[in-house]
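Below are the chains, spelled out letter by letter.
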Amino acid sequence: MVRLTDIITAFAKGIARSRVSLVGAMLTTIIFPLLVGSIILDLFGYITNPYFGFVIYMVMGPLFIIGLVMVILGLLFFKGKVDVGLFTLEYLREQFNDPERFTRIRKLVFLGVFLTCVNLFVMGLLGYSGYHYMESVGFCGQFCHTVMNPEYTAYKNSPHSRVACVECHIGSGAQWFVKSKISGSRQLVAVALDTYPRPIETPVHGLRPARETCEECHRPELFHGEKLVIRDQFRSDETNTKVATVLLMKVGSAGDRTVSSHGIHWHVAPENRISYKATDHTRKEIAEVTLFRPDGSLKVYRTDKGKKDGPEVESRVMDCIDCHNRPSHIYLTPEQALDRKIQEGAIPAELPYIKRQALAIVTGKFDTLEGARSAIATQIKNWYQKNYPEIARSKGEILEKAVKGVQDAYEENVFPAMKIDWNTYTNHIGHGEAFDVGCFRCHAGDHKTEAGEVISADCNTCHTILAENEANPQILKTLRGNE
Ligand code: HEC
Ligand code: HEC
Ligand code: HEC
Ligand code: HEC
Ligand code: HEC
């Protein structure tokens, strides 16, 4: 006759005899309270450090599950004096056949079900909050600190700083979730083995088509008309004169029932399918553009290079990312970065020639961030000491503020540890100084069809220029009511 206490003793003995089970049991017992406590702290947001999440979901969680599995495997496969697996079965059979034993077996079943429920609950909690942890900005942006610091910093300063990384990089649906976990594991290995590229390569190959991510929040069909864009800049003269460029951007629309597609977002209208061939994988040089129309006709625009039928390296259908390649990781040019700091007052505009001097320093080459910071501080102070001793003496505070502003402008855009300099990542929205980037990869006037049609390079195709680098432009006075 076997009794309930026997089976518990047998279990305990089985666990004690099988080394595998013993280790497993010790592991689960130690981890269980720590794990439950940590998950609660994490769920209620008491601790937000990304490494804490890593310890819970990537270390403690798996160890807990491994422990449970070890206990079970140890019991099932341990061959000793008491074969617990068979023993239990035998016991149950016996108990079921004996009506008097019914309450005992109920207790046993109750205990078993209870323990299983607790474990399942903890595992469910682990899965649920582990999933959220892996989707969190902290895990994607801060965990591999040095590697992701540039993207994370630029993201923090962008209009999308409240949009989680996964909204753009993964989007919804199981297929992309699985893909992202596979590529994520590869990335973790690359970080562990230190084989990742510096800087991280862009464009990102295998990025989800932008229309499936951006269009979860933005609807270019509903855009319309023109948008006033005012860009403030500061000249390199003694007074750092503020000038403005005023453009009327033809944002247009991808068209819906009430408006037909027009302007800049004409490219993403459902009826216009534009594909292109680039000569290298960075997509900087576009040799051939094909426009498919709903009536089945197509137009092929080629540059002289495209006509030679050179090896086409990359072929792609145009989407949001071909213009908005930097919606969130916006690295500014040195001029833009300094202008913004002066605009915000972080760099005091009252310092004579501060724009010119700051620009000369930040565009220098530095091997480390610390090197850049100290060079910025000494060079600015020395220059004012030499050329404006009066300011250096009486306006020390303002000078310190300027130093901090210039250092920040540098630090937010240049990352020597990841070999990211000014202009490592070019922004395709617009055309910038070099007239062969952004829109001008197609709109420079050298893409022609056989019939001689050219992709427009007319300045008024995309915007009306109302003022260009003017101090106090008339148009702004008019708009503001002549004040
Ligand atoms: C608004 C959408 C959006 C958000 C939010 C976003 N990204 Fe990106 N990310 C992009 C796009 C678009 C690219 C560039 C794609 C291309 O050119 O192929 C990119 C590129 C990258 C790259 C490649 C290097 C580079 O700069 O081109 C890394 C790494 C990256 N993102 C990480 C992150 C991390 C980490 C976060 C969260 C902190 C994040 N991203 C948030 C859209 C986004
Ligand atoms: C989860 C929602 C979400 C997703 C996904 C998203 N955005 Fe945005 N986006 C926003 C919000 C919110 C703003 C407004 C921010 C503000 O006004 O400060 C914005 C602003 C913008 C702006 C205007 C920026 C400016 O300077 O005013 C552009 C352009 C843009 N998004 C492009 C994109 C592109 C391209 C993608 C896909 C790669 C994308 N967005 C994905 C939510 C999203
Ligand atoms: C041909 C290039 C191009 C393509 C393709 C494109 N955009 Fe734009 N988009 C622009 C330009 C240029 C602007 C105006 C930028 C500015 O404000 O100076 C803009 C503005 C925007 C804005 C801000 C609108 C506003 O009124 O402030 C959003 C949001 C946006 N685009 C989203 C998208 C999304 C989503 C897609 C893909 C479905 C897309 N764009 C495709 C070039 C493009
Ligand atoms: C294919 C469309 C397109 C064409 C053609 C075009 N531009 Fe632009 N331009 C843009 C876009 C997009 C921007 C960026 C607006 C922004 O910064 O948000 C821009 C920005 C500018 C700026 C402001 C730059 C700044 O930020 O200070 C100037 C000035 C300018 N363009 C002049 C011109 C002139 C001159 C021509 C004719 C030779 C021209 N553009 C042709 C699309 C175009
Ligand atoms: C991959 C090539 C390509 C790129 C990059 C590109 N375009 Fe275009 N765009 C075209 C083609 C092709 C047409 C149709 C031919 C034409 O109208 O000249 C066009 C037409 C246009 C039109 C006229 C649309 C209409 O109403 O008929 C505007 C405005 C425009 N593009 C703005 C831009 C801006 C702004 C950018 C950069 C932010 C840009 N494009 C980048 C290929 C491109």
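Note that the structure is predicted; figures quoted are calculated from it, not measured. (Residues numbered from 1 in each chain as written. Chains lettered and ligands numbered in written order. Predicted model: local features only at pLDDT ≥ 70, side-chain atom pairs only at ≥ 80, totals over all residues. Heavy atoms only, no water.)

Caption draft 1: Spotlight on the site of ligand 5. Taken together, 20 residues lie near ligand 5, and H267, C439, C442, H443 and S456 sit nearest. Contact distances for ligand 5 include 2.8 Å between a nitrogen atom and a side-chain N or O atom of H443. Among the elements of the structure, α17 (440-443) and α18 (459-462) are those that each provide at least two residues to the shell around ligand 5. Residues belonging to the shell around ligand 5 are distributed by class as follows: 12 nonpolar, 7 polar and 1 charged. (Near = heavy atom within 4 Å. Polar contact = N/O pair within 3.5 Å; in protein donor to acceptor, adjacent residues only side chain to side chain. Helix = DSSP H or I, 4+ residues; strand = E, 2+ residues; numbered from the N terminus. Nonpolar A, V, L, I, M, F, W, Y, C, P; charged D, E, K, R; others polar.)

Caption draft 2: Just helix α13 (residues 354-362), in detail. Most of α13 sits out of view: 7 of its 9 residues are buried. Considered for burial, the residues of α13 that qualify are I354, K355, Q357, A358, L359, I361 and V362. Of the surrounding secondary structure, the elements contacted by the buried residues of α13 are β1 (227-234), α12 (334-344), α14 (369-387) and α16 (396-411). (Buried < 20%, exposed > 50% of the residue type's maximum accessible area, 1.4 Å probe, protein only. Contact = heavy atoms within 4.5 Å.)

Caption draft 3: Layout of the packing of α12 against α16. With their axes 9 Å apart at the nearest point, α12 and α16 run at an angle of 140 degrees to one another. Put simply, α12 runs oblique to α16. Classified by chirality, the crossing of α16 by α12 is right-handed. Across from A337, L338 and K341 in α12, the residues of α16 making contact are G405, V406, D408 and A409. Partitioning the contact of α12 with α16 into residue classes produces 4 nonpolar, 1 polar and 2 charged. (Axes fitted to C-alpha atoms, helices over the stretch in contact; angles between N-to-C directions. Parallel < 35°, antiparallel > 145°, perpendicular 65-115°, else oblique. Left-handed = near helix turned anticlockwise from the far one by under 90°.)

Caption draft 4: Expanded view of the domain arrangement of the protein. Taken domain by domain, the protein holds domain 1 (4-134), domain 2 (138-196), domain 3 (227-327 + 429-479) and domain 4 (334-412). Contact with domain 1, which involves 7 residues of that partner, is made by 8 residues of domain 2. The contact between domain 1 and domain 2 buries some 740 Å² in all, and 77% of this surface belongs to carbon and sulfur atoms. Three residues, P50, Y51 and M134, lead the burial of domain 1 against domain 2; their summed loss comes to 59% of the area buried on that side. Taken together, domain 1 and domain 2 are joined by 0 salt bridges. Summed over the shared surface of domain 1 and domain 2, the number is 1 residue pair in polar contact (both at pLDDT 80 or more). Elements with a minimum of two residues in the side of domain 1 that touches domain 2: α3 (50-77) and α5 (102-134). Per element, the largest residue contribution to the side of domain 1 that touches domain 2 is 4 residues, and it comes from α3. Counted by class, the side of domain 1 that touches domain 2 contains 7 nonpolar, no polar and no charged residues. (Domains from an automatic or database assignment. Buried area = accessible area lost by both parts, 1.4 Å probe. Salt bridge = Lys/Arg side-chain N within 4 Å of Asp/Glu carboxyl O.)

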